[in-house]
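Architecture and fold: a report
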Number of protein chains: 2
Amino acid sequence: MVEAWLLAPVASIISILIGLFLFNYVNAKDAGTDRMKELAGLIQEGSRSFLKTEYRYLGIFAGVMAVLLSLALGLTIGLSFLFGTILSGLAGVVGMEIAVKANVRTANAAKEGGLSSAFIIAFRGGAVMGLMVVGLALLGISIIYWLTGDPEVILGMSIGASTLTLFMKAGGGIFTKTADIAADLVGKVELGIPEDDPRNPAVIADNVGDNVGDCAGSGADLFDSYVAAIMAAMILGGSSAIPYLTTVPLLYAGLGIIASIIGIAVVRVGKDDNPGKSLNMGTYITAGAFSVLTYLATSMLGYDMKIWYCNVTGLLVGIIIGMTSDYYTSIEHPPAKKTAEAAQTGAAINILTGFSYGLISCFPALLGIGIGSAVAFSIYGVYGVGIAAVGMLSIAGIIIAGDAYGPIGDNARGIAEMAKLGDIVLDLTDEIDAAGNTTKAITKGFAIGAAGLTAIALLASYQQVVQDIIGRTITFDLMNPLVMMGIFIGMSVPIIFSAMIMLGVSKNAYAMIEEIRRQFDEIPGLMEGTAQPEYDTCINMATTGALRELFPLIIFSILTTLILGFVGGISAIAGYLAGAIFSGFFLAILMANAGGLWDNAKKYVESGHFGGKGSDAHKAAVIGDTVGDPFKDTAGPSLNTLVTVISQIASLFAPLFVAYALLGI
Amino acid sequence: MVEAWLLAPVASIISILIGLFLFNYVNAKDAGTDRMKELAGLIQEGSRSFLKTEYRYLGIFAGVMAVLLSLALGLTIGLSFLFGTILSGLAGVVGMEIAVKANVRTANAAKEGGLSSAFIIAFRGGAVMGLMVVGLALLGISIIYWLTGDPEVILGMSIGASTLTLFMKAGGGIFTKTADIAADLVGKVELGIPEDDPRNPAVIADNVGDNVGDCAGSGADLFDSYVAAIMAAMILGGSSAIPYLTTVPLLYAGLGIIASIIGIAVVRVGKDDNPGKSLNMGTYITAGAFSVLTYLATSMLGYDMKIWYCNVTGLLVGIIIGMTSDYYTSIEHPPAKKTAEAAQTGAAINILTGFSYGLISCFPALLGIGIGSAVAFSIYGVYGVGIAAVGMLSIAGIIIAGDAYGPIGDNARGIAEMAKLGDIVLDLTDEIDAAGNTTKAITKGFAIGAAGLTAIALLASYQQVVQDIIGRTITFDLMNPLVMMGIFIGMSVPIIFSAMIMLGVSKNAYAMIEEIRRQFDEIPGLMEGTAQPEYDTCINMATTGALRELFPLIIFSILTTLILGFVGGISAIAGYLAGAIFSGFFLAILMANAGGLWDNAKKYVESGHFGGKGSDAHKAAVIGDTVGDPFKDTAGPSLNTLVTVISQIASLFAPLFVAYALLGI
């Protein structure tokens, strides 16, 4: 019954078909008034123009990389790499296209039909993204495995996907926060015009940013963890004498898609329901269905039930990390309230309080990953860790759906504001937007946790790859000086990366602030609302700025890995990957949670506490929120992918490191 | 020639004698006008009252711990522990006493004699601290080694010193920032009265804080790394067949004292000299003298010259980390200037920029420690790492002198302001104060680097202790799930500790702000300057607040170590210590440098750039500085000691972990 894995391609094709069906479902809805269509058109155009520019550069980059990889490691790897970039790029395009259609239709449905009909459009728009991502990813893996039967070839595809993801995630992250900060600082702070005011030259760039950063970026993010986790578990399974271990990850991933489809089908919201609760309910139902399906499949196929225990361990860790992220960021719990309260004494104490709670929020996540990986290992060795990561990521379909829902709601709110649809519609889209923020905390926590486990599985698969090459077992002793040195150097890669990317945001925002001021100075009638601002200039600035910051950084990360590998050899690299996991995981959780916390603390003040909008506490909370923006939307989300990329580069180049390293193996 | 180590007690007695001589030298100087004496008396009283309260609690704590340790591990360890707490406590008292005498005498010398005479008093005041700390520490170690001949007994003394240090460092850190933030927020921000204005009820507490936090605390800080490094190297040397390896650390430490005395003797500043440069020159001369002396001693005694290479490696790493810290924080280099420039767009971008540079500044430090420890290891195994740490810390005498100079200058400035000594004196004390800030960056970097290497040496000595117990070699494989779990849990200890301690500052500052407002409301004539504020209330609030926050935290850290040890066993603890080193070292560098950077960015604005004092950029920079205060003066400096404490607890309890751990060894 090894052919049970064929469930994977079947489920992924079903997933793609349902995704296309939902795309048409959303697309068939009315896009509203002419003004709404015009605004949506601007956002759509801006988003496409960003993606087009980005893809042009990425196409060249991917082509060059594919050639280099083919020369260094053979044509199969080169082609597999290219295949990965194409699939990941496709997922990004689809996600973006649906997002820019769903946003205006959600706004219109809020105007015409109320909460339930608006919610369902936003959610199904997100679901398109979720289903297409997991469908394309799993189909790609299945095709390569079917063609070659060798999980290590999937590594090529996985790196292709991860590298592209890193560009989309980090590039989109720089773009979105550049526009957001610049628009707010000049618009809200200097000129006192409201958020999403169409007079603001950066307002379209800001809404484009939501799409390219949050939506396309985060879809691609889980694409890459998803592929990497399945690939790592397959490599670890391949070293065993039991043939089905290699294909269990495919089977579980296929079942995960079915569970996600079930979850997506049941999510809807009644007149008095809370959209946030409905979204979470969908996730829990999917997790439950996934557990049951995998249990049945594992036992009916007569597979070792220990695999299933590892699977459930991963799922539990994901849910725990997601739930604690929610606790530390949600507006309903003490951390956000205390951070808001601290804003009364000014921005400094607000920032310190939020940062401190952000640090504390890392504890459950670190504990969860530490204990979870140890439990999975004790059940089924390194393979168990790989399966735990797969278990966590198998329900990526619904997780991405919830995640992509967020920016659609955010955009719908923006359009409602810009098109002046009135307070009732604004309140409804606010509610939809707020639910997105809650869900985002959970899905982000989940995504970071999944990436953490995946990274450990990748480290294990790196060890496996090395052992296959040298033909004996190898250990990486903590007291081996090369390992220790590798850890310290590896730790600095996520640290430097997040710092540089945040400095990039500041630098670009700085330039864009000048541009916005220039437009208000030089375009007569702009402030009075009688003239249009030049939206394009801001979009172009954000696009080229983001890409200019990014290329050197990504090349730095890859080169550091290669240089250390060719100097320090495979033990140094093992330490290096571990170090990158340690600091990367820590910073990713810290930045996501502290950022979310400051955001919600600001919202708590805005909802009327401690003086409400316009009070000194509010001004302080806005500063905290602005600090948190690049934390949670630029640096934090890129770190997972960064770690995944360098982990895979290390595995891919392991044969060369073994052959040519300067300081022994 | 094993008796060469007797140089250690001889040098330490000389050090203590010169320290006492300089104490009298400073004490004999004139303390100025009656008003100055009165103010200095208030600071002195407040400092003593804090120390008295703290020592009362610590006495009970130390007594209980000594009894518990005696019961668990034998009377010798209990007594050795007590001895360590007494020596460390004594060093704190001496440092505090000289600081509260030198401050007012420095201010008076600035009034009467100008820069050179003021500088020499401040510096020699710091030198008393430096000489007493290294003298007492090395004498203590020598006595125990002379009595028992067993380096592992020194472990007891070292833990005693470290635990007390952790209280002094973290307690003083909470105290000083509580008072500083509260005094500034109400005084400077709300009421618009200048810094160090005597009408401010928290002003004396603020100045007391400089003494108890920066001066006594940082002296005790290096005390503990110093003892721990020497002890760890002795334990590592003890496992070898070459008898002199055990005593080389003592010999080098003795030579380090002599080199420090040379350095202290040559530091002085001419009329047009720059005090900061003079201080740094003293450090470089000491480092040079130390290298030469150890070279001569090693070769003349016929010891293996590889030991000397490790020694110099450590020294170089320390200097590199110190110098890069200087680059990333100093007002003269781009990071501080760009952070100041970013303040023009508001507090948020100022904070993001400073935080980003703080992250980047970790890179050279991580690289330095990583490569330094690998080089030392490749020269002489784990013993080489121990010697590298000793090499770095041997010149602690001059490092502490430079470090303790800072708060003396800061206090002198405060007294000059409060006693209204006029602008010329204020400018002079400003210059002395500013030099302290520059030196502080270097000495802090040095101290953190030294603590990092010491922690790695402690991890190695932990491994040695475990091997001695189980009678075979043991490795800690990164892929061992217990090790990996240990790393994740270990990472969270410094993270939680720094978060809780910063929240403690916010909480206490919040309470003190209320108290200051109350006094201004209820004491008639306070604002007009006709009535005295109740300084004592603020001092008492800061004292009890600090201790109340601290006890649970320290007990949490110790208990976490013991619980994990008794559950996960020695492999989990090895990972745990490594994890604590990773996150602790990273956070310590980040917090010290980001904090210093924001401080200097503010000073750069104040010196007339981007609108100067009172501008919007200045307001933004002040917010950044306030965020940085608990970073650099509360959380950051405590982390080294925290890691040292738990590392030593682990070694001490290793026999019990081996015997009783739940999940195997």
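Look up: the structure comes first, before these words.
It should be emphasised that the depicted structure is a prediction, and the values quoted were computed from it without experimental measurement.

A few points about the packing of aromatic side chains
Under the definition given, this model contains 47 aromatic pairs over all chains. Here phenylalanine 119 of chain B and phenylalanine 123 of chain B contribute two aromatic rings whose centre-to-centre distance is 6.1 Å and whose plane-to-plane angle is 5 degrees, an arrangement assigned as stacked. Highlighted residues: phenylalanine 119 of chain B and phenylalanine 123 of chain B, both in helix H4 (residues 115–148), separated by four residues, approximately one helical turn. The class of phenylalanine 119 of chain B is buried, set by a relative accessible area of 0%. Pairing tyrosine 327 of chain B with tyrosine 328 of chain B gives two aromatic rings, centres 5.1 Å apart and planes at 90 degrees, and the pair type is edge-to-face. In this structure tyrosine 327 of chain B comes out as partly exposed when scored by relative accessible area, which is 33%. Within the aromatic cluster, the residues linked to one another by ring pairs are Phe355, Trp598 and Phe631 of chain A together with Phe355, Trp598 and Phe631 of chain B. In this arrangement the basic side chain of lysine 306 of chain A is found over the ring face of tyrosine 380 of chain A, its NZ or CZ atom lying 5.0 Å from the centre.

Focus on the relation of the copies chain A and chain B
Aligned on chain B, chain A shows an RMSD of 0.0 Å; the corresponding rotation is 180 degrees and the shift along the axis is 0.0 Å. Accordingly, the operation relating the two chain copies is best matched by a two-fold axis. Scanning chain A for the C-alpha nearest the rotation axis identifies aspartate 477 of chain A, at a separation of 2.2 Å.

Focus: the pattern of salt bridges
Opposite charge on two side chains permits pairing when their charged atoms draw close. All names here are of chain A. Here the structure, examined in full by the defined rule, presents 44 salt bridges over all chains. Its salt-bridge partner being aspartate 633, residue lysine 177 comes within 2.9 Å of it at the nearest N-O pair. Remark: aspartate 633 occurs in helix H16 (residues 616–660) and lysine 177 occurs in helix H5 (residues 151–191); sequence separation between them is 456 residues. Lysine 177 sits in the buried class, given a relative accessible area of 5%. We classify aspartate 633 as buried; its relative accessible area is 7%.

Re the side chain of serine 356 of chain A
Along the polypeptide, serine 356 of chain A turns up in helix H11 (residues 347–393). When residues no more than four places from it in sequence are discounted, the contact partners of serine 356 of chain A are Ala499, Met502 and Leu503 of chain B.

Focus on unusual backbone geometry
Residues and elements named next belong to chain B. A positive phi is found at lysine 420, a non-glycine position, where the angle reads about 50 degrees. If you trace the backbone, lysine 420 turns up in the loop between helix H12 (396–418) and helix H13 (423–470). The phi dihedral of phenylalanine 610 falls on the positive side, at around 50 degrees, and the residue is not glycine. With respect to the element layout, phenylalanine 610 can be found in the loop between helix H15 (535–606) and helix H16 (616–660). The class of phenylalanine 610 is partly exposed, set by a relative accessible area of 29%.

Some remarks on the interface of chain A and chain B
Taken together, the 68 residues of chain A in the interface contact 68 residues of chain B. At the boundary of chain A with chain B, total buried surface from both sides reaches about 6100 Å², with 86% on carbon and sulfur atoms. If you look at where chain A meets chain B, you find zero salt bridges. Along the contact surface separating chain A from chain B lie six residue pairs in polar contact (both at pLDDT 80 or more).

Remarks on a nonpolar patch on the surface
Residue and element names in this part refer to chain A. Together, Ile258, Ile262, Val266, Met281, Tyr284, Ile285 and Met323 give the surface a local cluster of nonpolar side chains, amounting to about 570 Å² of exposed area. Elements supplying a minimum of two residues to the nonpolar patch: helix H7 (244–266) and helix H8 (275–300). Mapped onto the secondary structure, isoleucine 258 falls in helix H7.

Things to note about helix H2 (residues 34–73) of chain A
The end-to-end C-alpha separation of H2 of chain A is 54 Å, in line with the 58 Å expected for 40 residues at 1.5 Å each. Directly after H2 of chain A, the chain includes glycine 74 of chain A, whose backbone phi takes a positive value near 105 degrees.

What about the packing of helix H13 (residues 423–470) of chain A against H16 of chain A?
Residues and elements named next belong to chain A. In contact at an axis separation of 9 Å, H13 and H16 are set at 10 degrees when each is read in the N-to-C sense. One element, H13, and the other, H16, form an angle in the roughly parallel class. Class assignment of the residues belonging to the contact of H13 with H16 gives a composition of 15 nonpolar, six polar and four charged.

What about the nonpolar core?
Grouped burial of nonpolar side chains is what soluble globular proteins tend to show. Judged by nonpolar contacts, the single largest core of 539 residues is most densely connected at Tyr462 of chain A together with Tyr462 of chain B. Beyond its immediate stretch of four places on either side in the chain, tyrosine 462 of chain A contacts Phe476, Ile570, Ile573, Ala574, Leu577, Ala650, Ser651 and Ala654 of chain A.

Some words on the packing of helix H8 (residues 275–300) of chain B against H12 of chain B
Residue and element names in this part refer to chain B. Running from N to C, H8 and H12 cross one another at 165 degrees; their axes reach a closest spacing of 9 Å. For the element pair H8 / H12, the angle class is roughly antiparallel. For the crossing formed where H8 meets H12, the hand is left-handed. Of H12, the residues touching H8 (which contributes Pro275, Leu279, Gly282, Thr283 and Thr286) are Ile398, Ile399 and Tyr405. Taken together, the residues of the contact of H8 with H12 sort by class into five nonpolar, three polar and no charged.

Parameters at a glance
- Residues numbered from 1 in each chain as written.
- Chains lettered and ligands numbered in written order.
- Predicted model: local features only at pLDDT ≥ 70, side-chain atom pairs only at ≥ 80, totals over all residues.
- Heavy atoms only, no water.
- Phe/Tyr/Trp six-rings, centres within 6.5 Å; stacked < 30°, edge-to-face > 60°.
- Helix = DSSP H or I, 4+ residues; strand = E, 2+ residues; numbered from the N terminus.
- Buried < 20%, exposed > 50% of the residue type's maximum accessible area, 1.4 Å probe, protein only.
- Lys NZ or Arg CZ within 6 Å of the ring centre and 35° of its normal.
- Least-squares fit on C-alpha atoms with pLDDT ≥ 70 in both.
- Salt bridge = Lys/Arg side-chain N within 4 Å of Asp/Glu carboxyl O.
- Contact = heavy atoms within 4.5 Å.
- Buried area = accessible area lost by both parts, 1.4 Å probe.
- Polar contact = N/O pair within 3.5 Å; in protein donor to acceptor, adjacent residues only side chain to side chain.
- Patch = residues over 30% accessible without salt bridge, like charges linked within 9 Å, V, L, I, M, F, W, Y side chains within 5 Å.
- Areas by Shrake-Rupley, 256 points an atom, 1.4 Å probe, with all protein chains shown as cover.
- Expected span 1.5 Å × (residues − 1).
- Axes fitted to C-alpha atoms, helices over the stretch in contact; angles between N-to-C directions.
- Parallel < 35°, antiparallel > 145°, perpendicular 65-115°, else oblique.
- Nonpolar A, V, L, I, M, F, W, Y, C, P; charged D, E, K, R; others polar.
- Core = buried A, V, L, I, M, F, W, Y, C linked by side-chain atoms within 4.5 Å.
- Left-handed = near helix turned anticlockwise from the far one by under 90°.

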